[in-house]
Amino acid sequence: MREIGEIMRDYTAGGAALEETNAALAEAGAGFCLEPDRNALTEEDLRSTTVGHYPDMANGYGLLDSGTGSMEKVHVTNGVLDHAVNTVLPDGGTSMTAYVHICGKTYEVFGDTLGEAAGKKPAETLPDQVDLSRRTDLAGQTVEQRTKIGKFAVTYDENGYAVRSTRI
């Protein structure tokens, strides 16, 4: 099964018709479809849309994905939307994550400006339980271990054997 991002990339690049895209979105379980009066990218829209190597080279029409399930048709000029869709916070993050799919590419939106999509940090994989195996590198120490069931303080004796584990 194709991923939703791949389906949107094909549609905005002109590689799939609206009906074909909606069928692929339904098969992928997207929970939304593109509406002809609201989200359609016409042949003229596709022909007038260009992107380059950098986000500020994007011009033309794309679809705004703000996570609401309705892709809004938007106009981009030199990597800037006609209006802001979120607020850029002091740390560089945004008040709401939004993306623009345009000409086969996907950019994150920062205010009204397109930028490279920030890579999502993979979730930390936690062990099911506390590791009580011998750890000579931790001899004589008490260390914190995080598990799926919580945090624990594990105390090791002078030989590196775990002698106590307490939930914290």
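Report on the accompanying structure. Computed from a prediction, not measured in an experiment: that's the story for all the values here.

1. Observations concerning the side chain of Thr155
Following the sequence through the fold, Thr155 ends up in strand β8 (residues 150-156). Classification of Thr155 as buried rests on a relative accessible area of 15%. Within the structure, the side chain of Thr155 is placed 3.0 Å from the side chain of Thr142, a separation counted as a polar contact. Apart from the residues within four sequence positions on either side, Thr155 is in contact with Gln141, Thr142, Tyr161, Ala162, Val163 and Arg164.

2. Some words on the packing of aromatic side chains
Overall, the coordinates contain 0 aromatic pairs when judged by the stated rule. Looking at Lys73, its charged tip hangs above the ring of Tyr61, at a distance of 5.2 Å from the centre.

3. Focus: helix α2 (residues 18-27)
Three- or four-residue spacings in an α-helix give side chains the same orientation, since the helix completes a turn every 3.6 residues. Looking at α2, one finds that the buried residues are Leu18, Thr21, Asn22, Ala24 and Leu25. Buried residues of α2 fall within an arc of 165° about the axis and therefore sit on the same side. In α2, the exposed residues that point more than 90 degrees away from the buried face are Glu19, Ala26 and Glu27. Residues of α2 that are buried sit in contact with α1 (4-12). One or two steps after α2, the chain reaches Gly29, where phi turns positive at roughly 75°.

4. With respect to the environment of Leu34
Within the secondary structure, Leu34 sits in the loop between α2 and α3 (43-47). Judged by relative accessible area, Leu34 falls into the buried class, the value being 1%. For the pair Leu34 and Leu126, spaced 92 residues apart in sequence, the C-alpha to C-alpha distance is 39 Å. Apart from residues no more than four positions distant in its own chain, Leu34 is found in contact with Met8, Tyr11, Leu18, Thr21, Asn22, Leu25, Asn39, Leu63 and Met71.

What counts and how
- Starting afresh in each chain, residues are numbered from 1 along the sequence in its written order.
- Confidence filtering applies because this is a predicted model: local features only for residues at pLDDT of at least 70, side-chain atom pairs given and counted only at 80 or more, and all residues used for totals across whole chains, interfaces and linings.
- In computing side-chain properties, one takes all heavy atoms of the structure into account and sets aside hydrogens as well as water.
- We count a stretch as a helix when DSSP gives it H or I for four or more residues in a row; a strand needs E for two or more, and each element gets its number in order from the N terminus.
- Whether a residue is buried, partly exposed or exposed follows from its accessible area with a 1.4 Å probe, protein chains only, as a fraction of its type maximum: under 20%, in between, or over 50%, in that order.
- Here a polar contact means two N or O atoms within 3.5 Å. Within protein one must be a hydrogen donor candidate and the other an acceptor candidate, and residues neighboring in sequence count only if both atoms are side-chain atoms.
- Two residues qualify as a contact provided that any one of their heavy atoms is within 4.5 Å of a heavy atom in the partner residue.
- For Phe, Tyr and Trp, where Trp contributes only its six-membered ring, two rings pair if their centres lie within 6.5 Å, and the inter-plane angle classes them as stacked under 30 degrees, edge-to-face over 60, or tilted in between.
- Whether a charge sits over a ring comes down to the Lys NZ or Arg CZ being within 6 Å of the ring centre and within 35 degrees of the ring normal.
- For this quantity, the arc is that covered by the directions from the helix axis to the C-beta atoms.

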